[in-house]
Amino acid sequence: MHRRIPALSAVMVVLAILITACSGGNAASSAAAASGTPEPTGPPVEIKWYCCLGTGDDKTQLPIEAKVVDDFNKSHPHIKLVFDHVAYSGARDAFATRLASGTPPDVVGPVGVGGAEAFRGQWLDLASLIAKNHYDLTQYGQGAVDFYKVAGQGQIGIPFAVYPSELYYQPDMFDEAGLNYPPQKYGDKYKMPDGSMVDWNYDTVRQIAMKLTVDSANKDATQAGFDPKKIQQYGFEPQRDDLRGMGAYFGAGKLAADDNKTVQIPEGWAQGWKWIYDGMFKDHFIMTNSVYTSTAFNGGRYAFNSGKVAMQENFLWNVCCVTDAGGNWNLAAIPSNNGKPTAVFNADTFRITKGSKHPDEAFTVLSYLLGDASKTLLNSYSAFPARTADQADFFTGLEAQKDSKGKPVYPPDVDWQVAVDGIKYADNPNFEAWMPAYNKSLDLLQTKLTRWTSTPGLDMDQEISNLKTQLQAIWDKG
Amino acid sequence: MIALRRRRMSRLAWHEARSGLLFLSPWIIGFLAFTLIPVIATLVFTFTNITLSQDAPLRFVGLDNYLALFRDPQVWVSLLVAFKFAAISLPVAVILPFAVALLLNSRSLRGSALFRVLFFMPYVVPFVAGILIWSQMLNSDTGWINGLLGLVGIQGPDWLNDAGWVYPGLVIIGVWGIGGGIIVNQAGLKGIPTELYDAARIDGAGWWGQLRHVTLPMMSPVIFYTLVLGVVEVLQYFLVPLVLNQGTGEPGGATRFYNLYLYKTFFAFQEMSYGATLAWLLFLITLAFTGILFWSARYWVYYAGESSSS
């Protein structure tokens, strides 16, 4: 008989481990769900906050997110918030894996429009939770609330952050080239070196960007003997995360026609793509993909931050990481195309997954991230608050930020008003708007982006026509 | 017969068998949970319509996924990409470690232990880190390789963005990790009895004769082993193009390998059932190639321990 005891004990231990592992905090949450309100009994319910389908994975942001989690856990003993961090580059794949394995995280964010559209149908309609918790939506503009109200899906988000685009520039490089700084007010003209006043448009940008592009012999791209194989400093850098966004700076649009079945290439986008392509392979003031991915220019992580680019279009969230570009940068207005500037727009928020097993607790976390923790997070993400009451203090908060040595993080004279003004010129429709076969279409667009930034000698009209045909084939297949 | 044996099993043996099974149970549970059941599940998935978005209700679709697979041109393009790359990389992956191991085994080489360590060192560097380093080395504008070629007056190619040069570029990256192959080959070489070389020399065999009539036959099981692993690896080739080109398949689709397409189908396009079908096709192709290799082994692989009659 005593021989059986060790074997039985081992079986019992294995069973105990399995039962413990499988049970989790379900009992508590089931009871809470049954009663309609979360009851603070039993072990804490674990809520996973998944980051980073949008911003949030910069080395400066992670400690702040960790502190937000700690503060939450201290003030909410019945919920255990766990920060589930995956770097942006792998975040979509990892999130897909979690969904496919039936273990979705509860709260996801910050996630932008594109990240959310890539997982269309996975987000919880918050309407009932908003009503149940009497969550006040009037603290946001109605337009911002409606932005997250999607036909067939409901209220799948609550506004959190907006990121207008600006033109980041290096005043020292302009001084060295004897050029005037770009205008900081939308509608202002630009003063050329000969004193003439010209429109602040992409033709003007091309001309000055060539002067700001310098090779190892200190010749600029307009001079004879300039060697494009030995460029040390580039004049201009587009926002190249998404081919649609690259085009949208030249005019708002979307790829799906109103019937949501037919591909259309917005005219401004085609103009923009050709302008950028010529800027790379003909005029050489924009770097090619191989230069962009080299460590000399920040290894594919926003070349302006290498300190070797004079101008870059980017979103406000890039402010978080622009400190490496040197201590003297500023913001200017986005140039116009066909007489109209388009300051392409990003918006991030936190969402709850449809598959969350604890929606009530997840909503408590969501309310915290959008409420008590929002100022800390917005500052960290350099995100303009969607909550109307917080907007006035936002840039004061940015200016007050100091690094570990007590030095201000941002230069003292940054013209933040440019960012606020840019909101009026946001792209509408947004470039990340839904399109059929979203993920397959994105894959094709990413392939084209790599091809167009890597391959000299392309007929861009033919390339754009091919893109349209190939996209249509994907959409027709469904 | 089995029942008879069972009846004859002593109480002690029965207890021992049960204890053995109990101790094996973690592995058995792990194998069932993480290997066998998922494999069977993917086979079941191939007959359904599972996608992550799952707009349509889950249903049995018969052979639809298999029919879609045969109609999908990207499947065949991606397989062709894998075969083209295999034609270039497999000879290098098999011959080069063998050749380097021969060199390291040479009596004339001094400091062979140092060289062995040097060749093996890259193998222990995390492969993704290695790929990122190589992407900088092969950068057409700022990379060291083109920089070195430039010193001798050669304009280096665009290794990673030119469809004509990307495979040699990938092979160069692969060569960095041949340390494991070298160790396996060296272990094989050390196991060849020296009497065979003595006998060959007495028979008048020179270096080439010894290589051809002693080394190669005796090393044929090791070469067979590296070849089988090489075929499996090349069909599953995935990580390098994913990291180098973010899985875009550029330049010109030359790096859209089959396994990369499979991965994208699962995780980017979120078509789980179709992805499972692609995975099963890859499994069957790999099975076929390894089957052919095992069948051919009887004609060229020599196992010293085997009797001639077997």
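The structure displayed is predicted, hence computed values, not measured ones.

What counts, and where the lines are drawn
- Residues numbered from 1 in each chain as written.
- Chains lettered and ligands numbered in written order.
- Predicted model: local features only at pLDDT ≥ 70, side-chain atom pairs only at ≥ 80, totals over all residues.
- Heavy atoms only, no water.
- Disulfide = S-S within 2.5 Å.
- Buried < 20%, exposed > 50% of the residue type's maximum accessible area, 1.4 Å probe, protein only.
- Helix = DSSP H or I, 4+ residues; strand = E, 2+ residues; numbered from the N terminus.
- Lys, Arg positive; Asp, Glu negative; His and termini not counted.
- Salt bridge = Lys/Arg side-chain N within 4 Å of Asp/Glu carboxyl O.
- Contact = heavy atoms within 4.5 Å.
- Core = buried A, V, L, I, M, F, W, Y, C linked by side-chain atoms within 4.5 Å.
- Domains from an automatic or database assignment.
- Buried area = accessible area lost by both parts, 1.4 Å probe.
- Axes fitted to C-alpha atoms, helices over the stretch in contact; angles between N-to-C directions.
- Parallel < 35°, antiparallel > 145°, perpendicular 65-115°, else oblique.
- Left-handed = near helix turned anticlockwise from the far one by under 90°.
- Nonpolar A, V, L, I, M, F, W, Y, C, P; charged D, E, K, R; others polar.

Undergrad: Just to check I follow, could you spell out the state of the cysteines for this structure?
TA: Cysteine pairs can be covalently joined through their sulfur atoms, and such a bond is termed a disulfide. Residues and elements named next belong to chain A. Applying the stated criterion across every chain, the model contains one disulfide over all chains. Residue pairing for Cys51: its cysteine sulfur links by disulfide to Cys52, the two sulfurs lying 2.1 Å apart. Every disulfide takes its handedness from the sign of the S-S torsion; for Cys51 and Cys52 that torsion is 95°, giving right-handed. The exposure class of Cys51 is buried, given its relative accessible area of 0%. A residue is classified by how much of its surface remains accessible, and Cys52, at 0% relative accessible area, is buried.

Undergrad: What exactly am I supposed to notice about the side chain of Glu432(A) here?
TA: Residues and elements named next belong to chain A. As for its position among the elements, Glu432 is in the loop between α16 (417-422) and α17 (438-454). Of the side chains bearing the opposite charge, Arg244 lies closest to the buried Glu432, which forms no salt bridge; the N-O distance is 4.7 Å. The residues touching Glu432, leaving out its near neighbours within four places in the chain, are Val113, Gly114, Glu117, Arg244, Asn346 and Tyr438.

Undergrad: Where do I start with the nonpolar core in this structure?
TA: Across soluble globular proteins, you tend to see nonpolar side chains buried next to one another. Judged by nonpolar contacts, the single largest core of 207 residues is most densely connected at Trp49(A), Phe236(A), Trp273(A), Met311(A), Trp329(A) and Phe350(A). Ranked by the residues each element gives to this core, the list is headed by helix α4 (residues 73-105) of chain B, at 12 residues. Discounting residues that sit within four places of it in the chain, Trp273(A) has contacts with Leu243(A), Met246(A), Gly247(A), Ile265(A), Trp452(A), Met460(A), Ile464(A) and Leu467(A).

Undergrad: Please explain the domain arrangement of chain A as it appears in this structure.
TA: How big an interface is tends to be stated in terms of the accessible area lost upon association of its parts. All names here are of chain A. You can read the domains of chain A as domain 1 (33-163 + 347-391) and domain 2 (165-344 + 422-477). Its C-alpha centre places domain 1 at a distance of 32 Å from the equivalent point of domain 2. With 14 residues of domain 1 in contact, the opposing surface of domain 2 contributes 15 residues. Here domain 1 packs against domain 2, burying approximately 1,300 Å² in sum over the two surfaces, 57% of which is carbon and sulfur. Along the contact surface separating domain 1 from domain 2 lie zero salt bridges. Contributions of two or more residues to the side of domain 1 that touches domain 2 are made by α5 (113-117) and α14 (374-381).

Undergrad: I would appreciate a short explanation of the packing of α4(B) against helix α11 (residues 207-235) of chain B in the present structure.
TA: Describing two packed helices takes the angle between their axes plus the distance from one axis to the other. All names here are of chain B. With their axes 10 Å apart at the nearest point, α4 and α11 run at an angle of 140° to one another. Taken together, the axes of α4 and α11 lie oblique to each other. For the pair α4 and α11, the sense of crossing is right-handed. Between α4 and α11, the residues in contact are Phe83, Phe85, Ala86, Ser89, Leu90, Val94, Phe98 and Leu102 and Leu211, Thr215, Leu216, Met219, Ile223, Thr226, Leu227, Gly230, Val231, Val234 and Leu235, respectively. By residue class, the composition of the contact of α4 with α11 is 15 nonpolar, four polar and no charged.

Undergrad: It is not clear to me how the environment of Gly147(B) should be interpreted in this structure. Could you clarify?
TA: Residues and elements named next belong to chain B. Within the secondary structure, Gly147 is located in helix α7 (residues 144-151). Overall, the relative accessible area of 38% leaves Gly147 in the partly exposed class. Considering only alpha carbons, one finds Gly147 and Val234, 87 residues apart in sequence, at a separation of 30 Å.

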